[in-house]
Amino acid sequence: PTALKSLITMYNAKELLQHGTYVTFDEKRKTNPTKEHLLVIDHKNSKGAIVKYHIIDDTRKLTSTDWDRVAAVFVSGALWQFDDWPIKNPPQIFANFRGFHLMWEDEKLNP
């Protein structure tokens, strides 16, 4: 998600997804104030091969071919974030893509 209050942003996604380490947005921004527009992470699959994943936070840049290659999505839960998606209905989105919603234990879900 692009919202700065999200638990995962372009500032801290690589640490979480590639290294399994959570670093807050504020901590990461202090050490690197420049936001990347594309992150590439390496993941070793079950056969031992390295697979590269591209991470973005602006779905408007995706072509229909790109959408066919989406492995997963991280969402904040707010409906407005789906405005530029080819599928607008959350149940349909998550029927097509693996979805993740990160939140603090005491945080309330978006209705």
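Scroll up a little and you will see the structure.
Here is a short report on the structure shown in this document. Throughout this description, residue numbers start from 1 for each chain and increase along the sequence as written. Where local features are concerned, this predicted model is filtered to residues with pLDDT of at least 70; where side-chain atom pairs are given and counted, the filter is 80 or more; whole-chain, interface and lining totals use all residues. By convention in this description, side-chain values take in all heavy atoms of the structure and omit both hydrogens and water.

1. Some thoughts on the layout of surface pockets
Using protein atoms alone on a 1 Å grid, points that fit a 1.4 Å probe yet trap it form a cavity, whereas open point sets bounded by protein on both sides within 12 Å along at least five of seven lines form a pocket; residues with an atom within 4 Å of a point count as lining. Grid points are joined across faces, edges and corners, and a volume is the space filled by probe spheres set on the points. In this structure, the largest pocket spans a volume of roughly 1200 Å³. If you trace the largest pocket, you find 37 residues lining it, with His 54, Ile 55, Ile 56, Ala 72 and Val 73 closest to the centre. Comment: elements are numbered from the N terminus, with helices defined as DSSP H or I runs of at least four residues and strands as E runs of at least two. Residue assignment for the lining of the largest pocket shows that the elements contributing at least two residues are α1 (13-19), β1 (39-44), β2 (50-55), α3 (64-68) and β3 (72-74). With 5 residues, β2 is the largest single contributor of residues to the lining of the largest pocket. Throughout this entry, Asp, Glu, Lys and Arg are counted as charged residues, while Ala, Val, Leu, Ile, Met, Phe, Trp, Tyr, Cys and Pro are counted as nonpolar. The remaining residues, Gly among them, count as polar. Here the lining of the largest pocket is built from residues that sort into 21 nonpolar, 6 polar and 10 charged.

2. Observations concerning the nonpolar core
Definition used in this section: a nonpolar core is a set of buried Ala, Val, Leu, Ile, Met, Phe, Trp, Tyr and Cys residues joined via side-chain atoms within 4.5 Å. Think of it in three bands: residues with accessible area under 20% of the maximum for their type are buried, residues over 50% are exposed, and the middle band is partly exposed, with areas taken using a 1.4 Å probe on protein chains only. Counting residues in hydrophobic clusters, the biggest one holds 7 residues: Trp 67, Val 73, Val 75, Phe 82, Trp 85, Ile 93 and Phe 97. Whether two residues are in contact is decided by their heavy atoms, any of which lying within 4.5 Å being enough. Setting aside residues up to four positions removed in sequence, Trp 85 forms contacts with Thr 59, Trp 67, Val 73, Val 75 and Ile 93. Within the second largest apolar cluster, 6 residues are counted, among which are Met 10, Ala 13, Leu 39 and Ile 55.

3. Comments concerning the packing of aromatic side chains
Stacked, edge-to-face and tilted labels apply to pairs of Phe, Tyr and Trp rings (six-membered ring for Trp) whose centres lie within 6.5 Å, assigned for plane angles under 30 degrees, over 60, and everything in between, in that order. Tallied over the full model, the rule gives 7 aromatic pairs. Note on Tyr 22 and Trp 104: the rings are 5.9 Å apart at their centroids and 90° apart in plane angle, and the pair reads as edge-to-face. Here Tyr 22 is found in the loop between α1 and α2 (25-31), whereas its partner Trp 104 is found in the segment after β4 (98-100), with 82 residues between them in sequence. Judged by centre distance (6.4 Å) and plane angle (80°), the rings of Phe 82 and Phe 94 are edge-to-face. Pair noted here: Phe 82 is in the loop between β3 and α4 (90-96) and Phe 94 is in helix α4, with a separation of 12 residues, a long-range link.

4. Let's talk about the pairing of β2
Paired strands, in this sense, are two strands between which DSSP finds at least two bridges. Direction of pairing for β1 relative to β2: antiparallel, over a ladder of 6 bridges. Note that in β2 the partner of Asp 42 across the bridge is Lys 52. If you look at the hairpin formed by β1 and β2, you'll find 5 residues sitting between the two strands, and Gly 48 has a positive phi there, around 90°.

5. Observations concerning the side chain of Thr 59
Within the element layout of this structure, Thr 59 appears in the loop between β2 and α3. Contacts described as polar in this section are N or O atom pairs within 3.5 Å, which, within protein, must combine one atom able to donate a hydrogen with one able to accept it, while residues neighboring in sequence count only if both atoms come from side chains. A polar contact of 3.5 Å, which involves the side chain of Thr 59, links it to the side chain of Trp 85. Excluding its chain neighbours within four sequence positions, the residues that come into contact with Thr 59 are Trp 67, Asp 84 and Trp 85.

6. As for the environment of Ser 64
Checked against the element boundaries, Ser 64 lands in helix α3. Note: C-alpha distance between Ser 64 and Pro 86 (22 residues apart in sequence) is 8.4 Å.

7. Observations regarding the environment of Ile 87
When you line up the elements, Ile 87 lands in the loop between β3 and α4. C-alpha separation for the pair Ile 87 and Phe 100, spaced 13 residues apart in sequence, amounts to 17 Å.

8. Details of the environment of His 101
Note that His 101 resides in the segment after β4. The exposure class assigned to His 101 is partly exposed, which follows from its relative accessible area of 32%. When the C-alpha positions of His 101 and Lys 5 are compared, they lie 13 Å apart, and in sequence the two are 96 residues distant. Setting aside anything within four residues of it in sequence, one finds His 101 in contact with Val 75, Ser 76, Gly 77 and Leu 109. Side-chain polar atoms of His 101 contact the backbone oxygen of Ser 76, separated by 2.9 Å.

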